Amino acid sequence: MLVELERVSKRFSHNGASTEVLREVSFSVEEGEFVCLVGPSGCGKSTLISLIAGLESPSAGRVTVAGREVRGPGPDRVVVFQESALFPWLTVRKNVEFGLKMAGISPASRQRRAAEYLRLVHLSRFADAYPHQLSGGMKQRVAIARALAMDPKILLMDEPFGALDAQTRRLLHEELMGIWQKTGKTILFVTHNVREATVLGDTVLVVSARPGTIKKGFKIKLPRPRRESDPHLIVIQQRILLSLQEEIAKVVKDEGLEHLIPKTAAVAGADRDLGSSL
Amino acid sequence: MLGLVGRRLTDAEFLSALGGSLRRMVIGYGAVCAVGIGAGVVVGRTRWLNELFGTVAVAIHAMPGAVWVPLAVFFFGLSEAAVIFTIFLGAAGITMANTSNGIREVPPGLLRAAETMGARGPALFWHVTLPAAVPRIVDGLRLAWAFGWRALMAGELLIPSIKGMGRLLNEVARARQLDQLIAFMIIIAVVGVVVDYGFFRRLERGIAARWGLAG
Ligand SMILES: Nc1ncnc2c1ncn2[C@@H]1O[C@H](COP(=O)(O)OP(=O)(O)OP(=O)(O)O)[C@@H](O)[C@H]1O
Ligand SMILES: [Mg+2]
């Protein structure tokens, strides 16, 4: 197993009050596997990513990557965030080179690697542009190239396409699939969107409402490229949605938002960003 | 009037006065940049200092530059050092406040991204925190130039023993030469505007374009 979480709990304390965000989360990710995490807003998905990235440390339990306990950030685990977090004062090329520079790699091989990964995301032409000159989708592709240039063991993606329109998102799904198949990277991908999770993942893990635990795991064996409208996929989507809906109902109840949910909405569409509107 | 301004600009006595003023400004402003940015960095990275100076900074901003002159004279006597100190006191606060705000307001997402790519400690500061704060720092430096220029004039007007634009203003006013007085005032305004537009606005526009900020 490349990534293993063993009974990982996380509490945040704020002004003396402490909230339990994750409770005894255990799961593992195989080398080369594409795992998607779905769950209601606030259930701790981003926290899970931070724990694996080493940006936060668990209150209890263990996170290991390639058999070694995570004790801080490391170049074997790079995160792609929803807001691409590109450095606005650096060109696209320099952004992609950033991690390599931090690692003390020589300028010549930095340039070579950056060019290689910009080609991979089809953005060679924009190497000298600044981030603000790019569209949202292009920025995310640069962020992916920047992460991959570090040659991490695992790519952690926290709703990387969450802010994009459906069309761009679909294009990026294809692009990401291509990259995954070409590089054989292990990917842990957080999303609100069940359809996105089923199109991309080998495994979809449903995280329960706070305190987050892994509620259920779904294996998806369908070959790729997958069509969103494949009937087999839709069956799986409906099962995931049912599981998810119970969790969203809990969040709604906890937060006193029942009146916002129409009574007729039994199972929402798979493409709705579940929980994101709460 | 323009002719008068032109004639003044070739007058040796005037030029040495202007040169003296500019020299004090350059020294004072240099100290403002070094100490203001340095202190701003320290304050921006130290929580309790930041809370402390947050309130003090507001009080310092509210202080007209001329108010610092007596304090400067108290320490340095009626000397050139007192004028330079006045510039320093008048402009260091705004530089420090903008620098520390800029440092504190670096988007946490950028820092997290940088950390996951192996940046930490001094490298994180040099390659992420500081460049991310540059637009705010430059904004502070531009204001500091304007504040410093005012403080310089206040200092020179109130300390007449020093050869500079302030003393010339006082002299022609006492001699009731209104045209000369206005010619000097125009020159002082023009120097301020030239530096502001010719240098700082351009710099800011360049930074805004590169950093992708509106404006
Ligand atoms: N640094 C922190 N300090 C205190 N509380 C935090 C911190 N980070 C996260 N939380 C809390 O932990 C809970 C889970 O947050 P997290 O961002 O992991 O949820 P999420 O599942 O990613 O939500 P979303 O789908 O909206 O992105 C939230 O209630 C949040 O307020
Ligand atoms: Mg999140």
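Residues numbered from 1 in each chain as written. Chains lettered and ligands numbered in written order. Predicted model: local features only at pLDDT ≥ 70, side-chain atom pairs only at ≥ 80, totals over all residues. Heavy atoms only, no water.

Topic: the packing of helix 2 (residues 12-45) of chain B against helix 5 (residues 80-104) of chain B
Residues and elements named next belong to chain B. So the rule is basically this: Lines are fitted to the C-alpha atoms to define the axes, a helix being fitted only along its stretch in contact, and any angle between axes, read from their N-to-C directions, falls within 0 to 180 degrees. Helix numbering and strand numbering both begin at the N terminus, where a helix is a DSSP run of H or I of at least 4 residues and a strand a DSSP run of E of at least 2. Each helix crossing is assigned a hand: it is left-handed if the near helix lies turned anticlockwise from the far helix by less than a right angle, otherwise right-handed if that turn is clockwise. Amino acids are sorted into nonpolar (Ala, Val, Leu, Ile, Met, Phe, Trp, Tyr, Cys and Pro), charged (Asp, Glu, Lys and Arg) and polar (every other residue, Gly among them).
At a minimum axis distance of 6 Å, the contact between helix 2 and helix 5 shows a crossing angle of 35 degrees. You can see that helix 2 and helix 5 cross each other, and the crossing is right-handed. Looking at side-chain class alone, the contact of helix 2 with helix 5 contains 18 nonpolar, 8 polar and 5 charged residues.

Description of the sheet that holds strand 2 (residues 17-29) of chain A
Residue and element names in this part refer to chain A. Selection rule: Any two strands are treated as partners once DSSP identifies two or more bridges connecting them. Residue contacts follow a heavy-atom distance rule, with two residues in contact if any of their heavy atoms lie within 4.5 Å.
If you trace the 4 strands from one edge of the open sheet to the other, you get 2-1-4-5, paired in antiparallel fashion. Pairing within the sheet leaves two strands with one partner each, and these edge strands are strand 2 and strand 5 (68-69). Bridge count between strand 1 (residues 3-14) and strand 2: 9 bridges; the pairing is antiparallel. When the sheet's bridge partners are listed, Lys10 is paired in strand 2 with Leu22. Against the sheet, helix 1 (residues 45-53) contacts strand 1, strand 2 and strand 4 (60-65), and its axis sits at roughly 115 degrees relative to strand 1.

Observations regarding the site of ligand 1
All names here are of chain A. Applicable threshold: Distances are taken per atom, and a residue is near a molecule or strand as soon as one of its heavy atoms is within 4 Å of it. Pairing of N or O atoms within 3.5 Å defines a polar contact, subject to two protein rules: one partner must be a possible hydrogen donor and the other a possible acceptor, and residues neighboring in sequence count only if both atoms are side-chain atoms. Only the protein chains shown count as cover for residues, and all accessible areas are computed by the Shrake-Rupley method using a 1.4 Å probe.
Contacts to ligand 1 come from Phe12, Val21, Ser41, Gly42, Cys43, Gly44, Lys45, Ser46, Thr47, Glu159, His192 and Arg210. Between ligand 1 and Cys43, the relevant distance is 3.2 Å, taken from an oxygen atom to a main-chain nitrogen or oxygen of the residue. A distance of 3.0 Å is found between an oxygen atom of ligand 1 and a backbone nitrogen or oxygen belonging to Gly44. Computed on the free molecule, ligand 1 has an accessible area of 630 Å², of which 63% lies beneath the protein chains in the complex. By residue class, the composition of the shell around ligand 1 is 3 nonpolar, 6 polar and 3 charged.

Section: the packing of helix 7 (residues 121-158) of chain B against helix 9 (residues 178-211) of chain B
All names here are of chain B. Filter applied, for reference: Put simply, angles under 35 degrees are roughly parallel, angles over 145 are roughly antiparallel, angles from 65 to 115 are roughly perpendicular, and the rest are oblique.
Close contact between helix 7 and helix 9 brings their axes to 10 Å; oriented N to C, the two are set at 175 degrees. Overall, the two elements helix 7 and helix 9 adopt an arrangement that is roughly antiparallel. Residues Pro131, Ala132, Val134, Pro135, Val138, Asp139, Leu141, Arg142, Trp145, Trp149 and Met153 of helix 7 lie in contact with helix 9, whose contacting residues are Ile188, Val191, Gly192, Val195, Asp196, Phe200, Arg201, Leu203, Glu204, Ile207 and Trp211. Residues belonging to the contact of helix 7 with helix 9 are distributed by class as follows: 16 nonpolar, 1 polar and 5 charged.

Looking at the pattern of salt bridges
Residues and elements named next belong to chain A. Cut-off, in case you're wondering: Salt-bridge detection follows one rule: a side-chain nitrogen of Lys or Arg within 4 Å of a carboxyl oxygen of Asp or Glu. Residue exposure (1.4 Å probe, protein chains only): buried if accessible area is under 20% of the type maximum, exposed if over 50%, otherwise partly exposed.
Counted by the stated rule, this structure contains 27 salt bridges over all chains. With its nearest N and O atoms 3.4 Å apart, the salt bridge here joins Glu33 to Lys219. You can see Glu33 sitting in the loop between strand 2 and strand 3 (34-38) and its partner Lys219 sitting in strand 10 (residues 214-219), a full 186 residues away along the chain. Arg71 serves as the salt-bridge partner of Glu69, at 3.8 Å between the closest nitrogen and oxygen. On the basis of relative accessible area, Glu69 is assigned to the partly exposed category, the value being 32%. Here the salt bridges do not stand alone but share partners, grouping Glu6, Arg62, Glu69 and Arg71 into one network.

Comments concerning the pairing of strand 9 (residues 203-207) of chain A
All names here are of chain A. Summarising burial for strand 9: 5 of the 5 residues are buried, a large majority. Burial along strand 9 is two-sided: Thr203, Leu205 and Val207 facing one way and Val204 and Val206 facing the other are all buried. In this structure, strand 3 lies alongside strand 9, joined through 4 bridges in parallel fashion. Bridge pairing links Val35 to Thr203 in strand 9. Bridge analysis of strand 9 against strand 10 gives 5 bridges, and the strand direction is antiparallel. Considered in strand 10, the bridge of Thr203 is made with Lys219. Between strand 9 and strand 10, which pair antiparallel and follow one another directly, the connecting turn spans 6 residues.

Description of the interface of chain A and chain B
Heads up, the condition is: A quick way to say it: buried area is the sum, across both parts, of accessible area lost when two parts are put together, with a 1.4 Å probe.
With 24 residues of chain A at the contact, the number on the chain B side is 20 residues. Here chain A and chain B share an interface that buries about 1900 Å² over both sides, 69% of which is from carbon and sulfur atoms. Across the chain A-chain B interface, the total number found is 0 salt bridges. Counting across the chain A and chain B interface gives 5 residue pairs in polar contact (both at pLDDT 80 or more). For the side of chain A that touches chain B, the secondary structure elements donating two or more residues are helix 1, strand 6 (77-80) and helix 2 (92-102) of chain A. Among the elements that take part in the side of chain A that touches chain B, helix 2 of chain A stands out by supplying 4 residues, more than any other. When its residues are assigned to classes, the side of chain A that touches chain B shows 16 nonpolar, 4 polar and 4 charged.

A look at the domain arrangement of chain A
When the parts of a complex come together, some accessible area is lost, and that lost area is often used as the size of the interface. Residue and element names in this part refer to chain A. So the rule is basically this: The source of the domain bounds is an automatic or database domain assignment.
Taken domain by domain, chain A holds domain 1 (3-76 + 154-229) and domain 2 (85-151). The C-alpha-based centres of domain 1 and domain 2 are spaced at 24 Å. With 13 residues of domain 1 at the contact, the number on the domain 2 side is 12 residues. Between domain 1 and domain 2 lies a buried interface of about 1100 Å² when both sides are counted; carbon and sulfur atoms form 73% of it. Of all residues in domain 1, the largest losses of buried area upon contact with domain 2 belong to Glu175, Ile179 and Lys185, amounting jointly to 39% of the total for that side. Our enumeration of links across domain 1 and domain 2 arrives at 2 salt bridges. At the junction of domain 1 with domain 2, the criterion picks out 3 residue pairs in polar contact (both at pLDDT 80 or more). Looking at the side of domain 1 that touches domain 2, the elements with two or more residues in it are strand 7 (154-158) and helix 5 (166-183). It is helix 5 that provides the largest number of residues to the side of domain 1 that touches domain 2, a total of 6 residues. For the side of domain 1 that touches domain 2, a count of residues per class yields 8 nonpolar, 2 polar and 3 charged.

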